[in-house]
Amino acid sequence: TLLDYENYTTVSTADACFSKLFQNCTQLTSAPKLPATDLSMACYLSMFEGCTSLTTAPELPATILSSNCYQSMFEGCTSLTTAPELKATTLVKQCYYSMFEGCTNLSSVTMLATDVSAFLCLTYWLNNAGTLAQSRTLKLKNVDVYNTIKDKIDDFYDAPILPDLW
């Protein structure tokens, strides 16, 4: 892992320590493990932004989010086809802001949140995502979540993703 290979599950995400770490690293094809389950503010902000060769995203097991924690994390990752499952049930201020914006080959996103009421938590989240994919699937926890974000998808995204609710 990035800081302590012997005790990686204890690495703190405080002070935005991984923010912009691999930004615009166009040769990066896979990501390191990110095992943190409790995230600090802006900790992964723009971490892989512009990594145009990234094909595999890391698992994101976090269930406790802080503001801006995933903001623009994968923005512009044009080779990414599947998003990591987003396990948090409660979203916070700007947590997914522009997270997958410009991921033009993204074909599948799974978000398990049931509380999506936080300020700007989903703004530009999927903007221009999947525009080159053969098909696109958005999996949400339930139809209530879809009904809550449907207008935001129609308002903010050039090519809305139709949900496949499981």
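The paragraphs below set out a description of the structure included in this document. Not measured: the values here are computed from a predicted model.

Concerning the overall build of the protein chain
Here comes step 1: Broken down by element type, the protein chain carries one helix and two strands.
Here comes step 2: Start at the N end of the protein chain and walk to the C end: the helices and strands fall as β-β-α.
Here comes step 3: The proportion of buried residues among the 166 residues of the protein chain is 47%.
Here comes step 4: Taking the contacts inside the protein chain whose residues are at least 6 apart along the sequence as the reference set, 78% of them involve residues at least 24 apart.

Comments concerning the state of the cysteines
Here comes step 1: On inspection of all chains with the given rule, the structure shows zero disulfides.
Here comes step 2: The thiol of C43 is unpaired, and the distance to the nearest cysteine sulfur, on C69, comes to 5.6 Å.
Here comes step 3: The exposure class assigned to C43 is buried, which follows from its relative accessible area of 0%.
Here comes step 4: Unpaired in this structure, C77 has its nearest cysteine sulfur neighbour in C103, at a distance of 5.2 Å.

Topic: the nonpolar core
Here comes step 1: In this structure, F48, Y70, F74, Y96, F100, M111 and W125 are the most contacted members of the largest nonpolar core, which totals 47 residues.
Here comes step 2: Looking at this core, the elements with two or more residues in it are β1 (108–111), β2 (137–140) and α1 (143–156).
Here comes step 3: Ranked by residue count, the leading element in this core is α1, at three residues.
Here comes step 4: If near-sequence neighbours (up to four positions away) are discounted, Y70 is found in contact with L39, Y44, L60, A62, L65, C95, Y96, Y97 and M99.

Regarding the pattern of salt bridges
Close approach of charged atoms lets side chains of opposite charge pair.
Here comes step 1: Here the structure, examined in full by the defined rule, presents two salt bridges.
Here comes step 2: The shortest N-O distance in the salt bridge between K87 and E59 comes to 3.6 Å. On the criterion of sequence distance, the pair formed by K87 in the segment before β1 and E59 in the segment before β1 is long-range, its members being 28 residues apart.
Here comes step 3: Taking relative accessible area as the criterion, K87 reaches 27% and is therefore assigned partly exposed.
Here comes step 4: As a salt-bridge pair, K87 and E85 come within 3.7 Å of each other at their nearest N and O atoms.
Here comes step 5: The partly exposed category is assigned to E85, whose relative accessible area is 36%.
Here comes step 6: The network of salt bridges with common partners includes E59, E85 and K87.

Cut-offs and rules
- Residues numbered from 1 in each chain as written.
- Predicted model: local features only at pLDDT ≥ 70, side-chain atom pairs only at ≥ 80, totals over all residues.
- Heavy atoms only, no water.
- Helix = DSSP H or I, 4+ residues; strand = E, 2+ residues; numbered from the N terminus.
- Buried < 20%, exposed > 50% of the residue type's maximum accessible area, 1.4 Å probe, protein only.
- Contact = heavy atoms within 4.5 Å.
- Disulfide = S-S within 2.5 Å.
- Core = buried A, V, L, I, M, F, W, Y, C linked by side-chain atoms within 4.5 Å.
- Salt bridge = Lys/Arg side-chain N within 4 Å of Asp/Glu carboxyl O.

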